[in-house]
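A look at the structure
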Amino acid sequence: MNTDTNHEEACRDLSTWTIEHLQAFATDARGQELEAVRVAAQAHAYRSDQPLETRRQWAKLSLLANERMHGDGPADRVREANQNFMLRMWIIDQLGPDSKDPDWSPETLASDTLGALALAPSEAGALASQWRELAIEQIRELRWHKILTAHLDRLVNHLRPGPTRDQLLGWTETRRLLP
């Protein structure tokens, strides 16, 4: 079999691979292969029959594949950030925060989320009130903000009172107004 055929066969059932084998495969994987790695690793992270640390290791591999597979366009960055935020939020919710690892820190996730948003909640809210009259690019940006804030209702429950939490609470209200 040639190398292309080997890669095709490998992508068909990555769920049976060990984490070491999948990590090695991911170093050379591209495009759909990386998406297959991301999905398989995420599925392992969701398995409740595995130890917590093993599940976090699988989640790390999913985050790595997600980071490597996206391009530099705005839609690519939103897709990458959304998948990253949602998996990190799931790990924090289901397995608990880990102050030693920034990926599983609610405060870091909050900061990363705010850093990914180009608008302030007040700006987004003002635009949302007239979204039907906006140019398609502006509507797209509002949709991206809605996508990037999908996890905030859960995240704010993990944060201590303060300015960051207040900003995110503002976003949870604004998010309801976005198209």
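The structure this text deals with has already been given above.
Structure report, in brief. (Residues numbered from 1 in each chain as written. Predicted model: local features only at pLDDT ≥ 70, side-chain atom pairs only at ≥ 80, totals over all residues. Heavy atoms only, no water.)

For the rest of this paragraph, the subject is the overall build of the protein. In terms of regular secondary structure, the protein is built from 10 helices and zero strands. Summarising its shape, the C-alpha atoms of the protein cover approximately 60 × 35 × 20 Å along the three principal directions. Sequence separation of 24 or more characterises 62% of the internal contacts of the protein that already satisfy a separation of 6 or more. Accessible surface, the protein: about 9,800 Å² in total, of which carbon and sulfur atoms supply 49%. (Helix = DSSP H or I, 4+ residues; strand = E, 2+ residues; numbered from the N terminus. Contact = heavy atoms within 4.5 Å. Areas by Shrake-Rupley, 256 points an atom, 1.4 Å probe, with all protein chains shown as cover.)

Glancing now at the pattern of salt bridges. Considering all chains together, one arrives at eight salt bridges under this definition. Of the charged contacts, one joins D101 and K60 as a salt bridge, the two residues approaching to 3.0 Å between their closest N and O atoms. Of this pair, D101 sits in the loop between α5 (74-95) and α6 (106-116) while K60 is found in helix α4 (residues 52-69), placing the two residues 41 residues apart along the sequence. Take K60: its relative accessible area is 32%, and that puts it in the partly exposed class. Note that D103 is salt-bridged to K60, the shortest N-O span being 2.4 Å. One end of the pair, D103, is in the loop between α5 and α6; the other, K60, is in helix α4, and 43 residues separate them in sequence. (Salt bridge = Lys/Arg side-chain N within 4 Å of Asp/Glu carboxyl O. Buried < 20%, exposed > 50% of the residue type's maximum accessible area, 1.4 Å probe, protein only.)

With that settled, consider the nonpolar core. Core analysis: the largest hydrophobic core is formed by 44 residues, its most contacted members being L22, V37, L61 and L155. Per-element accounting of this core gives the leading share, eight residues, to α5. Among all residues touching L61, those that are not within four sequence positions of it are I19, L22, Q23, A26, V37 and A41. (Core = buried A, V, L, I, M, F, W, Y, C linked by side-chain atoms within 4.5 Å.)

The next thing to look at is the side chain of T113. Inspection of the secondary structure assignment puts T113 in helix α6. Residue T113 is classed as buried on the basis of its relative accessible area of 0%. With residues near it in sequence (within four places) discarded, T113 still touches F85, L148, H151 and L152.

Under the 1.5 Å per step criterion, the end-to-end length of helix α8 (residues 136-148) is 18 Å for 13 residues, consistent within 8% with the ideal 18 Å. For α8, every residue scored as buried is listed here: I139, L142, H145 and L148. Contacts made by the buried residues of α8 are with α5, α6, α7 (121-128) and α10 (163-175). (Expected span 1.5 Å × (residues − 1).)

Counting through the fold element by element, R56 comes out in helix α4. The buried charged residue R56 lacks any salt bridge, with E53 as its nearest oppositely charged partner at 4.3 Å. Not counting the four nearest positions on each side in its chain, R56 is found in contact with I91, L95, G96, P97, D98 and W104. (Lys, Arg positive; Asp, Glu negative; His and termini not counted.)

Before going further, it helps to examine the environment of D153. Summarising the element assignment, D153 is placed in helix α9 (residues 152-155). The spacing of D153 and L168 is 15 residues in sequence and 8.6 Å in space, taken between C-alpha atoms. Once residues within four sequence positions are removed from consideration, D153 is found in contact with T172 and R176.

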